[in-house]
Amino acid sequence: QQQVKQSPQSLIVQKGGISIINCAYENTAFDYFPWYQQFPGKGPALLIAIRPDVSEKKEGRFTISFNKSAKQFSLHIMDSQPGDSATYFCAASKRYAGGTSYGKLTFGQGTILTVHP
Amino acid sequence: SQTIHQWPATLVQPVGSPLSLECTVEGTSNPNLYWYRQAAGRGLQLLFYSVGIGQISSEVPQNLSASRPQDRQFILSSKKLLLSDSGFYLCAWSGGTSRFFEQYFGPGTRLTVT
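This is a predicted model, so every value here is computed, not measured.

Rules used throughout
Residues numbered from 1 in each chain as written. Chains lettered and ligands numbered in written order. Predicted model: local features only at pLDDT ≥ 70, side-chain atom pairs only at ≥ 80, totals over all residues. Heavy atoms only, no water. Salt bridge = Lys/Arg side-chain N within 4 Å of Asp/Glu carboxyl O. Helix = DSSP H or I, 4+ residues; strand = E, 2+ residues; numbered from the N terminus. Buried < 20%, exposed > 50% of the residue type's maximum accessible area, 1.4 Å probe, protein only. Contact = heavy atoms within 4.5 Å. Buried area = accessible area lost by both parts, 1.4 Å probe. Polar contact = N/O pair within 3.5 Å; in protein donor to acceptor, adjacent residues only side chain to side chain. Nonpolar A, V, L, I, M, F, W, Y, C, P; charged D, E, K, R; others polar. Core = buried A, V, L, I, M, F, W, Y, C linked by side-chain atoms within 4.5 Å. Pairing = 2+ DSSP bridges. Axes fitted to C-alpha atoms, helices over the stretch in contact; angles between N-to-C directions.

1. Structural notes on the pattern of salt bridges
Next up, step 1: For the structure shown, the criterion picks out five salt bridges over all chains.
Next up, step 2: Notably, a salt bridge pairs Arg61(A) with Asp84(A), separated by 2.8 Å at the nearest N-O pair. Note that Arg61(A) is positioned in the loop between strand E6 (56–59) and strand E7 (62–67) and Asp84(A) in the loop between strand E8 (72–77) and strand E9 (86–92), a separation of 23 residues in sequence.
Next up, step 3: A residue is classified by how much of its surface remains accessible, and Asp84(A), at 5% relative accessible area, is buried.
Next up, step 4: A salt bridge links Lys104(A) to Glu59(B); the nearest nitrogen and oxygen atoms lie 3.3 Å apart. Pair noted here: Lys104(A) is in the loop between E9 and strand E10 (106–107) and Glu59(B) is in the loop between strand E6 (55–58) and strand E7 (65–70), and the two residues belong to different chains.
Next up, step 5: We classify Glu59(B) as partly exposed; its relative accessible area is 31%.

2. Thoughts on the interface of chain B and chain A
Next up, step 1: Counting residues at the interface gives 21 residues for chain B and 23 residues for chain A.
Next up, step 2: For the pair chain B and chain A, the two sides together bury roughly 2000 Å², of which 57% comes from carbon and sulfur.
Next up, step 3: Our count for the chain B to chain A interface comes out at one salt bridge.
Next up, step 4: On inspection of chain B and its partner chain A, the count reaches three residue pairs in polar contact (both at pLDDT 80 or more).
Next up, step 5: Secondary-structure elements contributing two or more residues to the side of chain B that touches chain A are strand E4 (32–38), strand E5 (44–52), strand E9 (87–94) and strand E10 (104–105) of chain B.
Next up, step 6: If you tally residues by element for the side of chain B that touches chain A, the top one is E4(B), at four residues.
Next up, step 7: Its residues placed into classes, the side of chain B that touches chain A shows twelve nonpolar, six polar and three charged.

3. Considering the nonpolar core
Residue and element names in this part refer to chain A.
Next up, step 1: Among the nonpolar cores identified, the biggest contains 24 residues, and Phe 33, Trp 35, Phe 73, Leu 75 and Tyr 88 are the most heavily contacted of them.
Next up, step 2: Sorting the residues of this core by element identifies strand E2 (10–14), strand E3 (19–25), strand E4 (33–38), strand E5 (45–50), E7, E8, E9 and strand E11 (111–116) as the ones contributing at least two each.
Next up, step 3: Per-element tally for this core: the top contributor is E9, with four residues.
Next up, step 4: If we skip the residues at most four places from it in the chain, Phe 33 touches Tyr 25, Ile 48, Ala 49, Ile 50, Pro 52, Ile 64, Phe 66, Phe 73, Ala 91 and Ala 92.

4. Here we look at unusual backbone geometry
Next up, step 1: In the segment running from Ser7(A) into Pro8(A), the intervening peptide bond is cis, with an omega of -5°.
Next up, step 2: Relative to the helices and strands, Pro8(A) resides in the loop between strand E1 (4–7) and E2.
Next up, step 3: Here Trp7(B) and Pro8(B) are connected by a cis peptide whose omega angle stands at 0°.
Next up, step 4: Here Pro8(B) is to be found in the loop between strand E1 (3–7) and strand E2 (10–13).
Next up, step 5: The backbone of Asp79(A) sits at a positive phi, close to 50°, despite the residue not being glycine.
Next up, step 6: The residue Asp79(A) is located in the loop between E8 and E9 in this model.
Next up, step 7: Positive phi, normally seen in glycine, also occurs at Asn30(B), with a value near 50°.
Next up, step 8: The topology assignment puts Asn30(B) in the loop between strand E3 (19–26) and E4.

5. With respect to the pairing of E2(B)
Residue and element names in this part refer to chain B.
Next up, step 1: A one-sided burial pattern is seen for E2, the buried positions being Leu 11 and Gln 13 and the unburied ones Thr 10 and Val 12.
Next up, step 2: Bridge count for E2 against strand E11 (residues 109–113) is four bridges, and the pairing is parallel. Bridge pairing in E11 places Thr 10 opposite Arg 110.

6. Digging into the sheet that holds strand E8 (residues 73–78) of chain B
Sheets are built from strands that pair by backbone hydrogen bonding, the pairs being arranged parallel or antiparallel.
All names here are of chain B.
Next up, step 1: Taken in spatial order, the four strands make up an open sheet running E1-E3-E8-E7, and their pairing is antiparallel. Bordering the open sheet on either side are E1 and E7, each of which pairs with just one other strand. Ignoring which end each strand starts from, the neighbouring axes of this sheet average 20° apart.

What follows is the structure, given as structure tokens:
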């Protein structure tokens, strides 16, 4: 019940296209859904995050769409650029939790995005 | 602003040797601290979690241990490394004011056990 399933494992997009990465979760207690971007040899960087009280959040070219009833959320990268080529991770957690579960993120397995020029 | 440091950046160690990786956070107090391992450039596995000095929670039984001797210092150790300990080790922190559930990662340590 703690899993977050991410797809696809890899994605190739042409420059200017839309990149779409999907995640599904099982634990209905999750209420915080961040996306991380990781370049080779670097630590993951927090990209954008959403809470379940909204269905969409947009920051620049990056948009999270959230479907609470389906327990799914996705990352859309508009006008994809070669500089967006990286590994993207979705994650989920409970924002407020007591004991040792506080702040723990459950990660998806990652999507390697390649944007061709 | 907050900054997280990890060292060393890369490390090559023989099987059976000890290990000590260090993580420090600047610009915040009483953070939650985390150690992750990333194998083969993919998924992140949470190894240890700390909410305060001397308070360590272990997520996965393994050859590693963690300690938090100071508020903003987190150390990952091993007495005898195994080949399977190779990987990319990431430290992360969360905490602060209202956005305490957001986690921020350090630059990582690439460990190769030979």
